[in-house]
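The primary structure of each chain is shown beneath.
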Amino acid sequence: MYRRLARLLTVLAVLAALVPAAGAAASRAEAADDWNPPAALVQPLGEVWNHVESTYPDLYGFRNYGWDQIMANKGSVNYCVRWESDAPVSAALRDRIHAALKKQFGKWTAAMLDNGTGHNAWPYTSVPVNIVGWAVENRATLQWTDDSVAVYTGVLDGAGAPQCAPDCGRFFHQNGDYSKCPGGAARHYDQSLWLTKGFQGGAGGDWGQRVGQEYFTGALGQEDIHIYLHEVGHTFGLDDFYDWTPTGQCCFLMNAGSATRITEFDTWMLRDFWRHLKSRYGY
């Protein structure tokens, strides 16, 4: 009798010890996933992610989101500028384009910060943008002679548009092998800013962003180059909203034409995408 009671007490003690341990583990898991959107955004964010999961054909298998590029570079991103235009580019205009590109891309990465700290284990407080090359059909279009960036001439895609060397492009070498790239891995490019004369609207994806040459250069003094910003959202995996809108949301950047800057809802959609991908990087 006493032996049975002693054994029972021992089992209960072990179980009691396990309960706090399990609770502590759960607390650690909750702390690791620091997900705290405003209450009014919880439902629409859930709707967005459910839509993404049901419509993206390879949501979790795809490995070339903007997130993957930044993580592969340990916190930076490299760009090629594709100048599909005969408009001349002075050194001063080149530098203004570079400055605007860095500022605008930085608006998305800044959305991953809370009071200067990476949100939900995001590891970078800033993401430098390096412009490593220009692609042009005619070298004379570029009115500078310094070698601050590589210049590619006569390298055309299947439709005849200038592009930086495919041997240097992550889109073509997602395994990170840039051994055939002139200048090596340091001169590889993850994305292209593709500026096309007469192009209307925009396009974006893991390869970069395409907007009108006249539009982008005409917007260099603006605080938000909103078509470009919208297309960068696609590079990070965010969806379009042509045929539906999440509950209670009307006006946000990824709902094309309804906003001209990154809104609170865009910010939390970006953070939600990171939340669902971060485990692939060990966070």
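Residues numbered from 1 in each chain as written. Predicted model: local features only at pLDDT ≥ 70, side-chain atom pairs only at ≥ 80, totals over all residues. Heavy atoms only, no water.

*Asks:* Help me get a handle on the environment of leucine 41, residues and values and all.
*Replies:* With respect to the helices, strands and loops of the structure, leucine 41 is situated in helix α2 (residues 39-55). Spatially, the C-alpha atoms of leucine 41 and glycine 248 are 8.4 Å apart, while their sequence positions differ by 207 residues. Excluding residues within four positions of it along the chain, leucine 41 makes contact with Gln249, Glu264, Phe265 and Trp268. (Helix = DSSP H or I, 4+ residues; strand = E, 2+ residues; numbered from the N terminus. Contact = heavy atoms within 4.5 Å.)

*Asks:* Tell me what's going on with empty space enclosed by the protein, and back it up with residues and numbers.
*Replies:* Per the stated rule, a full pass over the model turns up one cavity of 30 Å³ or more. Surrounding the largest cavity, Leu45, Val48, Trp49, Val52, Gly237, Leu238, Asp239, Phe241, Met269, Asp272 and Phe273 form its lining. Of all the secondary structure elements, the ones that give two or more residues to the lining of the largest cavity are α2 and α7 (264-277). The dominant element in the lining of the largest cavity, judged by the number of residues it contributes, is α2, at four residues. Residue composition of the lining of the largest cavity, by class: eight nonpolar, one polar and two charged. (1 Å grid on protein atoms, 1.4 Å probe; cavity = no way out; pocket = protein on both sides within 12 Å on 5 of 7 lines; lining within 4 Å. Points joined across faces, edges and corners; volume = space filled by probe spheres on them. Nonpolar A, V, L, I, M, F, W, Y, C, P; charged D, E, K, R; others polar.)

*Asks:* Before we move on, can you summarise the packing of aromatic side chains with the specific residues and values?
*Replies:* Throughout the structure, instances matching the rule amount to 21 aromatic pairs. Ring geometry for tryptophan 49 versus phenylalanine 273: centroids 5.1 Å apart, planes at 80 degrees, classification edge-to-face. Here the residue tryptophan 49 occupies a position in helix α2, and phenylalanine 273 occupies one in helix α7, the gap between them amounting to 224 residues. Like tryptophan 49, the residue phenylalanine 273 is buried in the burial classification. Ring geometry for tryptophan 122 and tryptophan 274: centres 5.0 Å apart, planes at 85 degrees, overall edge-to-face. Pair noted here: tryptophan 122 is in the loop between β4 (117-118) and β5 (129-136) and tryptophan 274 is in helix α7, with a separation of 152 residues, a long-range link. A connected cluster of aromatic rings, assembled from ring pairs, spans Trp67, Tyr79, Phe105, Trp122, Tyr124, Phe236, Trp274, Tyr281 and Tyr283. Lying across the ring of tryptophan 144, arginine 94 places its NZ or CZ 4.7 Å from the centre. Against the face of tryptophan 268 rests arginine 271, its NZ or CZ located 4.7 Å from the ring centre. (Phe/Tyr/Trp six-rings, centres within 6.5 Å; stacked < 30°, edge-to-face > 60°. Buried < 20%, exposed > 50% of the residue type's maximum accessible area, 1.4 Å probe, protein only. Lys NZ or Arg CZ within 6 Å of the ring centre and 35° of its normal.)

*Asks:* Help me get a handle on the state of the cysteines, residues and values and all.
*Replies:* In a disulfide, the sulfur atoms of two cysteines are held together by a covalent bond. Inspection of the entire model under this criterion finds two disulfides. Covalent S-S linkage joins cysteine 80 and cysteine 164, the inter-sulfur distance amounting to 2.2 Å. When the S-S torsion is 85 degrees, as for the bridge of cysteine 80 with cysteine 164, the disulfide is right-handed. Here cysteine 80 is found in strand β1 (residues 77-84), whereas its partner cysteine 164 is found in the loop between β7 (150-153) and β8 (191-196), with 84 residues between them in sequence. Judged by relative accessible area, cysteine 80 falls into the buried class, the value being 0%. The disulfide partner of cysteine 168 is cysteine 181, and the gap between their sulfur atoms is 2.1 Å. Here cysteine 168 and cysteine 181 share a disulfide; its torsion about the S-S bond, 95 degrees, makes the bridge right-handed. Here cysteine 168 is found in the loop between β7 and β8, whereas its partner cysteine 181 is found in the loop between β7 and β8, with 13 residues between them in sequence. For cysteine 181, a relative accessible area of 5% corresponds to the buried category. (Disulfide = S-S within 2.5 Å.)

*Asks:* Please set out α2 residue by residue, giving values where relevant.
*Replies:* Every α-helix carries 3.6 residues per turn, so stepping three or four residues along brings you back to the same face. The end-to-end C-alpha separation of α2 is 25 Å, in line with the 24 Å expected for 17 residues at 1.5 Å each. Elements that come into contact with the buried residues of α2 comprise α7. (Expected span 1.5 Å × (residues − 1).)

*Asks:* Give a description of the pattern of salt bridges that names residues and reports values.
*Replies:* For the structure on display, the rule yields 11 salt bridges. In this structure, aspartate 95 engages arginine 94 in a salt bridge whose closest nitrogen and oxygen atoms are separated by 2.9 Å. Salt bridges linked by common partners bring Lys103, Lys107, Glu223 and Asp224 together as one network. (Salt bridge = Lys/Arg side-chain N within 4 Å of Asp/Glu carboxyl O.)

*Asks:* Just give me the short version of the sheet that holds β5, but keep the residues and values in it.
*Replies:* On the basis of which strands lie adjacent, the open sheet formed by six strands has the order β7-β5-β1-β8-β10-β9 and mixed pairing. Of all the strands in the sheet, just β7 and β9 (202-205) have a single pairing partner and so form its edges. Sheet twist, expressed as the average angle between the axes of neighbouring strands with direction ignored, equals 20 degrees. By the bridge criterion, six bridges tie β1 to β8 in an arrangement that is parallel. The residue of β8 that forms the bridge with tryptophan 83 is leucine 195. The strands touched by helix α4 (residues 91-110) within the sheet are β1, β5 and β8, with β5 carrying the most contacts at an inclination of about 135 degrees. In this fold helix α6 (residues 226-235) packs onto β1, β8, β9 and β10 (208-212), with an angle of close to 25 degrees to the strand it touches most, β9. (Pairing = 2+ DSSP bridges. Axes fitted to C-alpha atoms, helices over the stretch in contact; angles between N-to-C directions.)

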